[in-house]
Amino acid sequence: MADTQTPEPGGSDGANRRQFLTWLVAAPTLMVAARWGLDVPSACAAEAPAETPLDLYITLRSDGRVLTTLPRTEMGQGITTGVAMLVAEELDVPLSSVDVRSADADPRWLIQLTGLSSTMRYLAGPLRAAAADARARLVTAAAHRWQVLALTLSTSNGEVLAPDGRRTGYGELAQEAARVLIPEVPTLPKPPSTYKVVGRPTGRIDAHDLVTGAARYTLDLDIPGAVPVLVARPPTLRGSVQTLDASAASALPGVVGVVPLPSGVAVAAQNFAQAFAARDALRITWTLGPASHLSDSHIRTSLRDAIGARPLPPLFTTQTLEARFDFPYLAHAPMETQSCVARVTADSAEIWMGAQDPKYARRQVAEALGWALTPQRVTVHPVRAGGGFGRRFFTEAAVEAALVSRALGRPVKLMWTRNDDMRHGHFRPASHHRLLAYLGPAGSILGWNHRAAIPTVELPHGFGDLLTAMAGEVLPNVTSQVFFAMTQHVPYSFGWVSQDMREVTLPIPTGSFRSVFTSQVGVANEIFVDALARALGRDPVELRQSRLTSNRLKAVLNEVASKGQWGRPLPAGVAQGVAVLEEWNSAIAHLVEVDVTGETPRVLRIVIAADVGLPINPKSIEAQLQGAAVDAMSTTLSAGIHIDAGAVREGSFADYRWLRMRHTPAEIQVHLVRSDNHVGGVGELGYPSAAAALANAIARATGTMPTQFPLLNGGA
């Protein structure tokens, strides 16, 4: 990210240094990219050829390249490659001929939210249909040009072919195809059984740019005249400025201006090093935030008190099992911190940022600028982001940048530091859970009750549309409850099953995190299933197989049990754990092997089986599931946010103890089980059952069920 010791890069020095470093650390990946032949042309190579849009998704260029518009944001999850593969498949063009660009915030797209594992689930169908329609129009255009029957023509490698040997490239036919109203060949997408591109493990089309530093993130953008901006923030969450003396800061070299904000005090300078110096020279007294009376112990007490009394057990209950679980606040901690470039004039604004919902960002910026009734005055350009996980639903950086730009009368490039991002973000809320299992005569299972006490999850962005966004802002508790009810279920026949959530109002910012409620509720459920198996003297895999209500879950569980050799003899202190999950139209099972003979648990091996329906890019699925497994290891073992008198204790990866490469097991197997050709979600799928399987393995190895996370207060 930005260099704090040298002038803001605009010249070649910063780029060269960055390229050298990225080459140094990423040479193996680069070799993989080269092997796959996925080099993409430089964006500044030459003037772009003419473009002919066929619909919202597909644009043809006169040189034959295909531009696909993606109404979502690439955040590292690989959707760009998946989208390109779908288009290449249906259009019969080489994958290397497809470029993907993000769509600006635009009301013509019903939903532009990137989250809830929805991108490929929601876009695969429309994209295939759009590309198939484009192919049909190209064939029809060629038929008209050659005066032949369209049904006699075929397509291959970006060309329309005639039986007599004539051929024409798509680029040459683009304008004629755009005038075709009724295609003369079927416009239906291909059957998956004929796929040649989709379903094959494929390297990312942007791999070359990523490993050479050519990929551009928000702070890499070179908007003329944009000055670097930092914000001095209060020591407590949502504190505010009481007094400000900016005289010393304003006198420092390079300082462009000091702008008070509702969230702190912004400093603009000619480069980030000068902005850091000026920020540190500000003399500010702060008003404590509304959570200044809260620390971890108070929060845990509030959550436990919200659980309430036990419900009455079902008739004929002879024994009730109970377990309690505590989960901490979590920071999203994406590798790229929040940032935004803004250019605000008297009557319009342009925003560049990695937004998970650019339309929500537009509304927020418009409201901050006093243009709530005319949001069309704000243009939001989504930019590739370095991770999101729910954090980029929130748009504080955009609002701050817009206000500073207007105050200074010039474009700005605003950066949140790692400390800002860790201490002033929206957190996965802490939670407390009580689970009850009701046993009857002869080991029968009569019921299951799970009550979770969770601070309200803020969902002001809704689910990507204006209506749910309004509900999320006006009725946050109701929206949170509705989302809980829609997403949480117990996939077992355990008799009378009930789950509910008690919302606790705490003035600590929250937001959705990977898997949202399932990151706690689903984990607790799967750990308690193992506890139930122990109480009944049954094998955890056998109990699950006998009670699962989903054939897909049974299949993935069978797969991990088989591939992971469930039940094989292991040394003392080494054990296996399993867990399953079904959501986002996908199913997954994890088997984790852990060694507890050292000072801290060490994960030896992870075996994953997933049914995501049609696997558009198996390599991308594998990467996402491996990454989610490491996230789950981190938050189960060592990473958590602590609150001390309304302030976040952790400020960087030095104390927010995400696991390092040395903690990652050498073997993470991913096996795909395919039950049908629907497209399931992947991005959030791999977290909860990985965490639960690890906890279950530790319980089997130590004889003690983990109930408070993270397990290692001192970190791994």
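Because the structure is predicted, anything quoted here is derived from the model rather than measured.

Caption draft 1: Inspection of the domain arrangement of the protein at higher detail. Domain annotation for the protein reports domain 1 (58-211), domain 2 (227-290 + 338-415) and domain 3 (300-329 + 426-702). Here the C-alpha centroids of domain 1 and domain 2 sit 39 Å apart. Every contact between the two is made by 20 residues of domain 1 and, on the other side, 17 residues of domain 2. In total, about 1300 Å² of surface goes out of reach between domain 1 and domain 2, with carbon and sulfur atoms giving 53% of it. On the domain 1 side of the interface with domain 2, the three residues burying the most area are Thr73, Met75 and Ala105, jointly 39% of the side's total. At the boundary of domain 1 with domain 2, the tally comes to 1 salt bridge. The tally of links from domain 1 across to domain 2 stands at 9 residue pairs in polar contact (both at pLDDT 80 or more). Across the side of domain 1 that touches domain 2, the residue classes break down as 9 nonpolar, 6 polar and 5 charged.

Caption draft 2: Expanded view of the sheet that holds strand S13 (residues 319-327). Pairing in this open sheet of 4 strands is mixed, and the strands run S13-S18-S19-S20 from one edge to the other. In the strand order of this sheet, the two ends are held by S13 and strand S20 (496-504), each with one partner. With direction set aside, neighbouring strand axes in the sheet form an average angle of 10°. When S13 meets strand S18 (residues 431-439), the two strands line up antiparallel, connected through 9 bridges. Within the sheet, the bridge partner assigned to Ala323 lies in S18 and is Leu435.

Caption draft 3: The arrangement of the sheet that holds strand S4 (residues 98-102) in detail. Taken in spatial order, the 4 strands line up as S1-S2-S3-S4 in an open sheet, and their pairing is mixed. Every interior strand has two partners, whereas the edge strands, strand S1 (51-53) and S4, have only one. Across the sheet, the axes of successive neighbouring strands diverge by a mean angle of 25°, strand direction being ignored. Where strand S3 (residues 66-70) lies against S4, 5 bridges are found, and the strand directions are parallel. Within S4, the position partnered with Thr68 by the bridge is Val100. Helix H2 (residues 79-91) contacts strand S2 (58-61), S3 and S4 of the sheet and is inclined by roughly 130° relative to S3. In the packing of helix H3 (residues 119-146) onto the sheet, the strands contacted are S2 and S3, and the crossing angle to S2 comes to about 40°.

Caption draft 4: Geometry of the confidence of the model for the protein. Looking at the protein, pLDDT values average 92 and 93% of them are 70 or higher. Segment residues 1-45: pLDDT under 50, and 55 contacts once partners within four positions in sequence are set aside and those in other chains are kept.

Caption draft 5: Spotlight on empty space enclosed by the protein. Inspection of the entire model under this criterion finds 5 cavities of 30 Å³ or more. What the largest cavity holds in volume is close to 140 Å³. Around the largest cavity sit 15 residues that line it, and His489, Pro491, Thr518, Gly522 and Leu581 are the ones nearest its centre. Broken down by secondary-structure element, the contributors of at least two residues to the lining of the largest cavity are helix H14 (521-536) and strand S21 (574-583). If you add up the space inside the second largest cavity, you get close to 70 Å³. Lining the second largest cavity we find Phe327, Pro328, Leu330, Arg428, Ser519, Val523, Thr635, Thr636, Tyr687, Ala691 and Phe709. Split into classes, the residues belonging to the lining of the second largest cavity amount to 7 nonpolar, 3 polar and 1 charged.

Caption draft 6: Region of the structure containing the pairing of strand S11 (residues 264-269). Burial of S11 is extensive: 6 of the 6 residues sit out of reach of the surface. Summarising the sheet, strand S8 (residues 227-232) and S11 pair through 4 bridges and their orientation is antiparallel. Opposite Val231, over in S11, you have Ala266 as the bridge partner. The hairpin formed by strand S10 (residues 255-261) and S11 contains 2 residues between the paired strands.

Caption draft 7: Expanded view of the packing of aromatic side chains. Under the definition given, this model contains 10 aromatic pairs. Taking 5.1 Å as the distance between ring centres and 20° as the angle between the ring planes, the aromatic pair formed by Phe327 and Phe709 counts as stacked. A residue pair is termed long-range when its members are at least 10 positions apart, and Phe327 in strand S13 and Phe709 in the segment after helix H18 (688-702) qualify at 382 residues. Each member of the pair, Phe327 together with Phe709, is buried. Seen in terms of ring centroids, Tyr492 and Phe494 are 4.9 Å apart; in terms of plane orientation they differ by 10°. Their pairing is stacked. By way of ring pairs, the aromatic residues Trp448, Tyr492, Phe494 and Phe528 are connected into one cluster. One cation-aromatic arrangement involves Arg377 over Trp371; the distance from NZ or CZ to the ring centre is 4.0 Å. The positively charged end of Arg428 is found above the aromatic ring belonging to Phe513, 5.8 Å away from the centroid.

Caption draft 8: Examining H3 more closely. Compared with an ideal rise of 1.5 Å per residue, which puts 28 residues at 40 Å, H3 spans 40 Å between its outermost C-alpha atoms and is within 8% of the ideal. Counting buried positions over the 28 residues of H3 gives 20, a clear majority of the element. Immediately downstream of H3, the backbone of Gln147 shows phi near 60°, a positive value.

Caption draft 9: The arrangement of the nonpolar core in detail. Membership of the largest hydrophobic core comes to 95 residues, with the highest contact counts inside it found for Tyr329, Ile508, Leu532, Ile641 and Tyr656. Every residue in contact with Tyr656, bar those within four places of it in the chain, is listed here: Leu330, Ala331, Ala333, Met422, Ala639, Gly640, Ile641 and Glu650. Within the second largest apolar cluster, 49 residues are counted, among which are Leu86, Ala130, Ala177 and Ile205.

Caption draft 10: Expanded view of the side chain of Arg514. Among the secondary structure elements, Arg514 is positioned in the loop between S20 and H14. Only 3.0 Å separates the side chain of Arg514 from the backbone oxygen of Gly683, close enough to count as a polar contact. Excluding residues within four positions of it along the chain, Arg514 makes contact with Phe389, Ser519, Gln624, Gly627, Ala628, Asp631, Gly683, Glu684 and Tyr687.

The rules behind the values
- Residues numbered from 1 in each chain as written.
- Predicted model: local features only at pLDDT ≥ 70, side-chain atom pairs only at ≥ 80, totals over all residues.
- Heavy atoms only, no water.
- Domains from an automatic or database assignment.
- Contact = heavy atoms within 4.5 Å.
- Buried area = accessible area lost by both parts, 1.4 Å probe.
- Salt bridge = Lys/Arg side-chain N within 4 Å of Asp/Glu carboxyl O.
- Polar contact = N/O pair within 3.5 Å; in protein donor to acceptor, adjacent residues only side chain to side chain.
- Nonpolar A, V, L, I, M, F, W, Y, C, P; charged D, E, K, R; others polar.
- Pairing = 2+ DSSP bridges.
- Helix = DSSP H or I, 4+ residues; strand = E, 2+ residues; numbered from the N terminus.
- Axes fitted to C-alpha atoms, helices over the stretch in contact; angles between N-to-C directions.
- pLDDT = per-residue confidence, 0-100.
- 1 Å grid on protein atoms, 1.4 Å probe; cavity = no way out; pocket = protein on both sides within 12 Å on 5 of 7 lines; lining within 4 Å.
- Points joined across faces, edges and corners; volume = space filled by probe spheres on them.
- Buried < 20%, exposed > 50% of the residue type's maximum accessible area, 1.4 Å probe, protein only.
- Phe/Tyr/Trp six-rings, centres within 6.5 Å; stacked < 30°, edge-to-face > 60°.
- Lys NZ or Arg CZ within 6 Å of the ring centre and 35° of its normal.
- Expected span 1.5 Å × (residues − 1).
- Core = buried A, V, L, I, M, F, W, Y, C linked by side-chain atoms within 4.5 Å.

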